[in-house]
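Structural overview
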Amino acid sequence: MRIDNRDHELGMDRAISRRDFLNGAALIIGGTVVGPPLLGATPNADDAPEKTPGYYPPALTGMRGNHDGSFTFAHGLRDGKKWDATGAPENTGETYNLVVVGGGISGLAAAHFFRKRAGAAARILILDNHDDFGGHAKRNEFRSGKRTLIGYGGSYSIETPEPYSEVARDLIRELGIEVSNFPKYLDRRLYSSSGRVPKIFFDKETFGVERLVDDPYPFPGGETYDLAVPGPKAWEHFLAEAPIAERARKDFYDLCQGRKDYLPGLSREEREQRLAHISYARFLTEITGMHSDVTRLYQRISQPLFGVGIEAIAALDASEQGYPGFDGMGFEATGLADERKYFFHFPDGNASIARLLVRGLIPSTIPGHSATDIVTAKADYSRLDEESSPVRIRLNSTAVRVKHVGEVASAKEVEVTYARGDKVYVSRSKNVILACWNAVIPYICEELPEKQKNDLCLAQKVPLLYTNVLLRNWTSLQKLQANAIYAPGGYHTNVDMDLPVSIGEYKCTREPDEPVVLHMSKGACHAGLSPREQYTMGRIELFTTDFETIERKVRDQLAGILGPGGLDPARDILAITVNRWPHGYAYEYSTLWDSAILESGERPCDRARKPFGRISIANSDAGAHAFTNAAIDQAYRAVREVTKR
Ligand SMILES: Cc1cc2nc3c(=O)[nH]c(=O)nc-3n(C[C@H](O)[C@H](O)[C@H](O)COP(=O)(O)OP(=O)(O)OC[C@H]3O[C@@H](n4cnc5c(N)ncnc54)[C@H](O)[C@@H]3O)c2cc1C
């Protein structure tokens, strides 16, 4: 790394926890080598990486999410490389009742449902290409002195625009999560009692001047538990200080407070039609007549939820999220408010759901008995894949071929071939559930009909970056009176302290001189293109941006925002974990871009998930809905298909 003066000031040369370390030694994650101990290993060998003392992925820092090494084989398949170039796969001799490809919430839930139907003795193997289970439900841990701090590297909460189905609610309950208890764990007055409020950071490059201003309309749609309430003088502050045109400030005030009907004379249905087919950006400029600075201010507000800016989302979707401009148009009472009460956030997000599922499937892996002790319980990864256990989870293993043994119609078994380290193995199973991403399936399941493969390929993923930064303390945020910052021109668009949640033994940070995990998020979008094109470009961007570049961006951005509060990035940043998700959210159909599909009555995802012989398809992609409830519902449906055979 070349260090110049600016890099030195930012602390690029500081010895922080930023690289991938395991057990005190650098773990080479890249190419086909997932870790030195893996070379030549058989799946069950004691020298498999998961059996290495100290193997504990949640504590790894540096580049996480879709980490290096996890996609080598899948990208090889995409690029036409042969996985069997090194010879025939090694037969493990293992046979299962069910093999699940994909150890995200959908795959884990599928194993759970199957076990309930087939009995505790049912033999199940779950394969995942990552070094950790949970998929997007990813736990990040940090150490500061004797204290462990927990962050979410992906899925944040139980929360959805659609109500959870009975099946999904039952599973959440069965795992011991009492969603209605959430207020007990949340210190809802902690922020406001210390004067910290949501802010907007205007950067010099975009707005000509650097300024932190109260956000008068924070977190559209994210007002759960009143934490995103604006400061008492937020409008006064915004109207006086926001470095945008004076008319834009006034326009924005009117938009948020005016309760104006911008589509008079139209019925509710006509309004919905109009808003469904116009972008929110055009709604702001053409229908409400906002000054262009308002669009500039709001351009990236939708990135965290939609992965694209407001030029690519339908105004109707914006209204459902509570974005400003719709209060006077009869769109406020959608029944969403009640559903939002079905909300639960663990410090590691929905990784706790994944961990509870794993504990249920293989009790020896994670000690404890409740959905509160799960928060601090440490997983023993060496127990995930043991011969004595009916359920086994095999990490660092990419399924490369899934094929019926003999004719599809009469086959009694499916052969699952997977790459692990520098070897390829094959196991057999009576049934297979592909809970991996739709777009991977055509490459590993060649015998599927071509039409179905095409439908599967339409399930694009939405790229996102979730960066967690361990700070020595948060005195700078206290001094600046900020708890959440929207940065419309920043590399990351959002910089947030987590909800103050204390569950079981885990206590949230309360005093400014305590360490904190700051969460920063970014969508990798390229305005001006269709969402699908943006997602492709964003995926390439995330795969080709190295950790050093992102670290520099993080330090620079935090220096700009929190420097005036006393943050010294060189001194105060203790660790950085970048959760890179080029394959993030499931693609959701939009009235703006997919109206023909939606009007046709049958979506590609409905056709794509059709069972094929002894193979069924789960994953949130199968429901084209990027939420935990979809992952669970699709798992349930796939298990019903499997157990009907
Ligand atoms: C950054 C982020 C934030 C999110 N926040 C929320 C939230 O707050 N609330 C919410 O409800 N949802 C959220 N989601 C949506 C999330 O995708 C779903 O809730 C859910 O976790 C998806 O689970 P899944 O099992 O369907 O997919 P995944 O979690 O993607 O799991 C699929 C697994 O299959 C693996 N796989 C793929 N191919 C292969 C192969 N060939 N061999 C072996 N394994 C393979 C993948 O690597 C992955 O580990 C978020 C998603 C992201 C990316």
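For the structure, check the block above.
1. Observations regarding helix α20 (residues 531-544)
Over its 14 residues, α20 extends 20 Å from the first C-alpha to the last, a length consistent with the 20 Å expected when each residue adds 1.5 Å. Taken residue by residue, α20 has Pro 531, Gln 534, Tyr 535, Gly 538, Arg 539 and Leu 542 as its buried positions. Summarising the axial view, the buried residues of α20 lie within an arc of 135°, below the 170-degree limit, and thus occupy one face. Contacts from the buried residues of α20 go to α13 (303-306), β14 (461-471) and β18 (573-586).

2. Points about the site of the ligand
Among the 36 residues in the neighbourhood of the ligand, the closest are listed as Asp 128, Asn 129, His 136, Trp 437 and Thr 628. The backbone of Ile 105 places a nitrogen or oxygen atom 3.2 Å from an oxygen atom of the ligand. At 2.6 Å, a side-chain N or O of His 136 approaches an oxygen atom of the ligand. Relative to its free-state accessible area of 990 Å², the ligand is covered by the protein chains to the extent of 98%.

3. Quick notes on helix α18 (residues 450-457)
Among all positions of α18, only Gln 452, Lys 453, Asp 455 and Leu 456 are buried. When α18 is viewed along its axis, its buried side chains cluster within an angular range of 160° and face the same direction. α18 presents Glu 450 and Lys 451 as exposed residues on the side facing more than 90 degrees away from its buried surface. Here the buried face of α18 lies against α17 (441-444), α24 (604-608) and β19 (615-617).

4. Regarding the environment of Phe 201
With respect to the helices, strands and loops of the structure, Phe 201 is situated in strand β8 (residues 197-202). Sequence-distant contacts of Phe 201, that is, excluding residues within four places in its chain, are made with Glu 210, Arg 211, Leu 212, Ile 485, Tyr 486, Ala 487, Pro 488, Gly 560 and Ile 561.

5. So, the sheet that holds strand β16 (residues 494-497)
Read from one edge of the open sheet, eight strands run β3-β18-β14-β17-β16-β15-β8-β9, paired in mixed fashion. Since the sheet does not close on itself, it has two edges, and those belong to β3 (62-65) and β9 (211-214), each with one partner. Here the average twist between neighbouring strands, direction ignored, is 25°. This element, α20, spans β14, β17 (516-523) and β18 of the sheet and lies at about 40° to β14.

6. What about unusual backbone geometry?
Phi at Arg 259 takes a positive value of approximately 45°, unusual for a residue other than glycine. Here Arg 259 shows up in the loop between α9 (246-257) and α10 (268-276).

7. Points about the nonpolar core
In this structure, Ile 158, Ile 172, Ile 177 and Ile 433 are the most contacted members of the largest nonpolar core, which totals 68 residues. Residue contributions to this core peak at seven residues, all from helix α3 (residues 105-118). In contact with Ile 172, not counting residues within four places along its chain, are Ile 158, Tyr 164, Ile 177, Val 179, Tyr 342, Ile 353 and Ile 632.

8. Section: the environment of Ile 615
Within the element layout of this structure, Ile 615 appears in strand β19. Assessed through its relative accessible area of 2%, Ile 615 is described here as buried. Along the backbone, Ile 615 and Glu 533 are 82 residues apart, and their C-alpha atoms lie at a distance of 31 Å. Setting aside residues no more than four positions away along its own chain, Ile 615 makes contact with Val 402, His 404, Val 414, Val 432, Leu 434, Cys 445, Glu 447 and Arg 645.

9. Things to note about the side chain of Lys 453
Locating Lys 453 in the fold gives a position in helix α18. For Lys 453, the residues in contact, after removing those within four places along its chain, are Pro 442, Cys 445, Glu 446 and Leu 448.

10. Comments concerning empty space enclosed by the protein
According to the stated counting rule, one finds six cavities of 30 Å³ or more in the structure shown. For the largest cavity, the lining is made up of 22 residues, of which Asp 498, Leu 499, Thr 509, Val 516 and Val 517 are closest to its centre. Secondary-structure elements contributing two or more residues to the lining of the largest cavity are β7 (147-152), α6 (190-193), β16 and β17. In terms of residues, the lining of the largest cavity owes the most to one element, β7, which gives five residues. In terms of residue class, the lining of the largest cavity is built from 14 nonpolar, four polar and four charged.

11. Examining the packing of aromatic side chains
For the structure on display, the rule yields 27 aromatic pairs. Judged by centre distance (5.8 Å) and plane angle (90°), the ring pair of Trp 235 and Phe 238 falls under edge-to-face. In this pair, Trp 235 and Phe 238 are both assigned in helix α8 (residues 234-241), three residues apart and thus about one turn of the helix distant. Of the two residues examined, Trp 235 and Phe 238, each falls in the buried class. Ring geometry for Phe 344 versus Phe 346: centroids 4.6 Å apart, planes at 45°, classification tilted. The pair formed by Phe 344 and Phe 346 is uniform in burial state, with each residue classed as buried. An aromatic cluster is defined as three or more aromatic residues linked by ring pairs; in this entry it consists of Tyr 152, Tyr 156, Phe 182, Tyr 185, Phe 343, Phe 344, Phe 346 and Tyr 466. If you follow Arg 169 out to its NZ or CZ, it ends over the ring of Tyr 342, 4.1 Å from the centre.

Rules used in this analysis
- Residues numbered from 1 in each chain as written.
- Predicted model: local features only at pLDDT ≥ 70, side-chain atom pairs only at ≥ 80, totals over all residues.
- Heavy atoms only, no water.
- Helix = DSSP H or I, 4+ residues; strand = E, 2+ residues; numbered from the N terminus.
- Expected span 1.5 Å × (residues − 1).
- Buried < 20%, exposed > 50% of the residue type's maximum accessible area, 1.4 Å probe, protein only.
- Arc of directions from axis to C-beta.
- Contact = heavy atoms within 4.5 Å.
- Near = heavy atom within 4 Å.
- Polar contact = N/O pair within 3.5 Å; in protein donor to acceptor, adjacent residues only side chain to side chain.
- Areas by Shrake-Rupley, 256 points an atom, 1.4 Å probe, with all protein chains shown as cover.
- Pairing = 2+ DSSP bridges.
- Axes fitted to C-alpha atoms, helices over the stretch in contact; angles between N-to-C directions.
- Core = buried A, V, L, I, M, F, W, Y, C linked by side-chain atoms within 4.5 Å.
- 1 Å grid on protein atoms, 1.4 Å probe; cavity = no way out; pocket = protein on both sides within 12 Å on 5 of 7 lines; lining within 4 Å.
- Points joined across faces, edges and corners; volume = space filled by probe spheres on them.
- Nonpolar A, V, L, I, M, F, W, Y, C, P; charged D, E, K, R; others polar.
- Phe/Tyr/Trp six-rings, centres within 6.5 Å; stacked < 30°, edge-to-face > 60°.
- Lys NZ or Arg CZ within 6 Å of the ring centre and 35° of its normal.

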